[in-house]
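A closer look at the structure
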Amino acid sequence: MQRHKQRFYEKYIKRLLDIIISLTALIVLSPILLIVAVLVRVKLGSPIIFHQQRPGYHEKIFGLCKFRSMTDARDQNGELLPDEVRLTKFGKALRATSLDELPELWNILKGDMSLIGPRPLLVKYLPLYNDFQKQRHDVRPGLTGWAQVNGRNAISWEQRFAYDVEYVKNISFKMDLKILFQTVAVVFRHSDINSATDATMEAFTGTKTESKTEDNVKRFSKSVKDTD
């Protein structure tokens, strides 16, 4: 698999902007962070922050931070109930407004993540990726990304990976800026929070061949070229 070659913006500018923006946002949004933290504690209990291991840049594992949005409700065997049962009305509101994602600003400041990039997925998916899909880890994962502004959780896994890899191949300041503005629009519309079959996003079970994903890249490449 050919490794991703970093461009000047990605190598020298993007990380600096991530530090400046995340630090500024943490300071400016601190009252909102405090209010949400209190509401989570009252509505859902503790812990307030949900920590989960996720693969990042070059598949290095890091601890993702999010505001908790689900209860710990379990069945009679002690197993967690399905997401749609544990996701309360308050939790749905957090996700719809993306307020649950705000603690990830700390991940960005530390260097685990970037403001813009493919969303960090579950560690258990790593063995399921084909060589094409693994390219999403050639950059830092993002708070928002190209797939998020083109369908979020309502698109298929093949479409999501196609958008992710197209982003990796076409990183630029102009593209990041476009994604940032489109993210604001998506959040205000509260669109594509859930998939068509799940309360959040159905589990990824692997792609048998790379051809379907490659075809999707060609199909969506025009959308990327429109950013030029």
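The rules behind these values
- Throughout this description, residue numbers start from 1 for each chain and increase along the sequence as written.
- Per-residue local features of the predicted model are confined to residues with pLDDT of at least 70, and side-chain atom pairs are confined, for both listing and counting, to 80 or more; whole-chain, interface and lining totals are unaffected and use all residues.
- Hydrogens and water are ignored here; the side-chain numbers use all heavy atoms of the structure.
- Pairing between strands is defined by DSSP: at least two bridges between them are needed.
- Comment: elements are numbered from the N terminus, with helices defined as DSSP H or I runs of at least four residues and strands as E runs of at least two.
- The working definition used for a salt bridge is a side-chain nitrogen of Lys or Arg within 4 Å of a carboxyl oxygen of Asp or Glu.
- Think of it in three bands: with a 1.4 Å probe and only protein chains considered, a residue is buried below 20% of the maximum accessible area for its type, exposed above 50%, and partly exposed in between.
- Pairing of aromatic side chains requires ring centres within 6.5 Å, counting the rings of Phe and Tyr and the six-membered ring of Trp. Pairs whose planes differ by under 30 degrees are stacked, by over 60 edge-to-face, and all others tilted.
- Two thresholds decide whether a charge sits over a ring: the Lys NZ or Arg CZ must be within 6 Å of the ring centre and within 35 degrees of the ring normal.
- Nonpolar core, defined: a set of buried Ala, Val, Leu, Ile, Met, Phe, Trp, Tyr and Cys residues in which side-chain atoms within 4.5 Å join the residues together.
- Residue contacts follow a heavy-atom distance rule, with two residues in contact if any of their heavy atoms lie within 4.5 Å.
- Structural elements are reduced to axes, namely lines fitted to C-alpha atoms, with helices fitted over the stretch in contact, and the angle between N-to-C directions of any two is expressed from 0 to 180 degrees.
- With respect to orientation, any angle under 35 degrees is reported as roughly parallel, any angle over 145 as roughly antiparallel, any angle of 65 to 115 as roughly perpendicular, and every other angle as oblique.
- Asp, Glu, Lys and Arg are counted as charged, while Ala, Val, Leu, Ile, Met, Phe, Trp, Tyr, Cys and Pro are counted as nonpolar; the rest, among them Gly, fall into the polar class.

Pairing of strand β1 (residues 49–55) with strand β2 (residues 61–67) involves 7 bridges; the strand directions are antiparallel. Residue pairing for β2: Arg54 is matched across the bridge by Phe62. Adjacent in sequence and paired antiparallel, β1 and β2 are bridged by 5 residues, among which His58 carries a positive phi angle near 55°.

In this section: the pattern of salt bridges. Summed over the entire model, instances satisfying the criterion amount to 8 salt bridges. Measuring nitrogen to oxygen at the nearest pair gives 3.6 Å for the salt bridge that ties Asp100 to Lys66. Here the residue Asp100 occupies a position in the loop between α4 (89–97) and α5 (104–110), and Lys66 occupies one in strand β2, the gap between them amounting to 34 residues. Neither residue differs from the other here; Asp100 and Lys66 are each classed as buried. Here Asp112 makes a salt bridge to Lys110, at a shortest N to O gap of 3.3 Å. Exposure remark for Lys110: the relative accessible area of 46% places this residue in the partly exposed category. Several salt bridges converge on common partners, so that one network encompasses Lys66, Asp100, Glu101, Glu104 and Arg119.

One pass over the full model with this rule turns up 10 aromatic pairs. Members of the aromatic cluster, joined through ring pairs, are Tyr125, Tyr129, Trp157, Phe161 and Phe204. The ring of Tyr57 has Arg140 lying over it, and the distance from NZ or CZ to the ring centre is 5.8 Å. A cation over an aromatic ring shows up here: Arg160 above the ring of Trp157, its NZ or CZ 4.7 Å from the ring centre.

One recurring pattern in soluble globular proteins is that nonpolar side chains are buried together. Val40, Phe67, Leu105, Trp146, Tyr167 and Ile179 are the most contacted members of the largest nonpolar core, which totals 30 residues. Of all the secondary structure elements, the ones that give two or more residues to this core are α1 (8–28), α2 (30–44), β2, α4, α5, β3 (114–116), α6 (157–169) and α7 (173–189). It is α2 that provides the largest number of residues to this core, a total of 5 residues. The residues touching Val40, leaving out its near neighbours within four places in the chain, are Gly45, Ile48, Phe67, Arg68, Phe90 and Leu94.

Once that is clear, we can look at the side chain of Glu104. Tracing the backbone through its elements, the reader meets Glu104 in helix α5. With near-sequence residues (within four places) excluded, Glu104 lies in contact with Leu64, Cys65, Lys66, Met113, Arg119 and Leu143.

It is the contact of α1 with α2, at a shortest axis distance of 4 Å, that shows an interaxial angle of 60°. With respect to their mutual orientation, α1 and α2 come out oblique. Facing α1, whose interface residues are Ala25, Leu26, Ile27 and Val28, α2 presents Ser30, Pro31 and Leu33. For the contact of α1 with α2, the class distribution of residues is 6 nonpolar, 1 polar and no charged.

Quick look at unusual backbone geometry now. Following Ser46, the chain continues into Pro47 via a peptide bond in cis, with omega recorded as 0°. Summarising the element assignment, Pro47 is placed in the loop between α2 and β1. For Glu59, which is not a glycine, the phi torsion comes out positive at approximately 70°. Inspection of the secondary structure puts Glu59 in the loop between β1 and β2.

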